[in-house]
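# Structural overview for review
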Amino acid sequence: MSKSITPYKDSSLGKKEQVTQMFDNISGNYDSLNRVISLGIDVTWRDKVVALVSDKNPETILDIATGTGDLVILMAKTAAKKIIGLDISAGMLEVGKQKIAKENLTDRIEMVLGDSENMPYPDNFFDAITVSFGIRNFETLEKGLAEIYRVLKPNGLFVILETSVPTKFPFKQGYALYTRFILPIIGKIFSKDNNAYGYLSESAANFPFGEALNNILRKISFIDCKAMPQTFGVATIYTATKK
């Protein structure tokens, strides 16, 4: 990211602490607001991530920045024996635990409060790791990716789902209008945290995507890095493996 973007411009806290505070604040209505903002299309993107992971028949899956658990709940469709959702926001995890209990998946899914840049797992532990709309919230992107590389098994699959910026007319112009003006207004109407959706739109607009992100993954030592734009480029699914 070309500049440091944080949720609260006047805060003395670091980005990690600010992001934690922000997600704690918006955890109660995060799911419903996300459906409104994405027009429900994010569900389709997550289904594609699950399909990519399922094809590898992993026994252990880690979902980083798991939030309220949307992706780990979908991962229960795979044959994995161990599914873990990791997040720094206790508020988001609490919402996720309630959803998991409602789906009777508590025995299959473990929700863990933790830092993606300093994970409590040994080297070469997971068959597959996913991050859905979370890597742009890392305080130090390369440190977080290096930690993911560390706990992923050799030949293991890493899948990222993240916002990106359309590059073709008229989608580029429409996306800029939507994220700059409309998304923050929706966030202010529905969220008690007026800063949250301004931050999310600004961070999305400034985060590296496509080959720029693939090159960062290669720098960490990931191989077979691929970027698959979704819905005119408003999001991208990335896949990479550990050599």
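Attention here is on the structure that accompanies the text. Note that the structure is predicted; figures quoted are calculated from it, not measured.

## Considerations on the overall build of the protein
Scanning the protein for helices and strands turns up 9 helices and 7 strands. Judged by the C-alpha coordinates and their principal axes, the protein covers about 45 × 40 × 35 Å. The buried share of the protein, reckoned over its 243 residues, is 54%. For the protein, long-range pairs separated by at least 24 residues make up 71% of all intrachain contacts whose partners lie at least 6 apart in sequence. As presented, the protein carries roughly 11200 Å² of accessible surface, and 55% of it is formed by carbon and sulfur atoms. The protein carries 29 positive and 27 negative side-chain charges, and their two centres are separated by 5 Å.

## Digging into the sheet that holds strand β4 (residues 126-132)
Spatially, β3-β2-β1-β4-β5-β7-β6 is the arrangement adopted by the 7 strands of the open sheet, whose pairing is mixed. Across the chains shown, the open sheet's two edge strands, defined by having one partner strand only, are β3 (109-113) and β6 (222-230). The mean inter-strand angle of the sheet, taken between neighbouring strand axes irrespective of direction, is 15°. Pairing geometry for β4 and strand β5 (residues 152-163), over 6 bridges, is parallel. Among the inter-strand pairings, F126 is bridged to a residue of β5, identified as L152. Against the sheet, helix α5 (residues 90-102) makes contact with β2 (82-87) and β3, and its axis sits at roughly 170° relative to β3, the strand it touches most. Those strands touched by helix α6 (residues 141-151) are β1 (60-64), β4, β5, β6 and β7 (235-242), and its axis lies near 145° from that of β5.

Each value, and the rule that gives it
- Residues numbered from 1 in each chain as written.
- Predicted model: local features only at pLDDT ≥ 70, side-chain atom pairs only at ≥ 80, totals over all residues.
- Heavy atoms only, no water.
- Helix = DSSP H or I, 4+ residues; strand = E, 2+ residues; numbered from the N terminus.
- Buried < 20%, exposed > 50% of the residue type's maximum accessible area, 1.4 Å probe, protein only.
- Contact = heavy atoms within 4.5 Å.
- Areas by Shrake-Rupley, 256 points an atom, 1.4 Å probe, with all protein chains shown as cover.
- Lys, Arg positive; Asp, Glu negative; His and termini not counted.
- Charge placed at Lys NZ, Arg CZ, Asp CG, Glu CD.
- Pairing = 2+ DSSP bridges.
- Axes fitted to C-alpha atoms, helices over the stretch in contact; angles between N-to-C directions.

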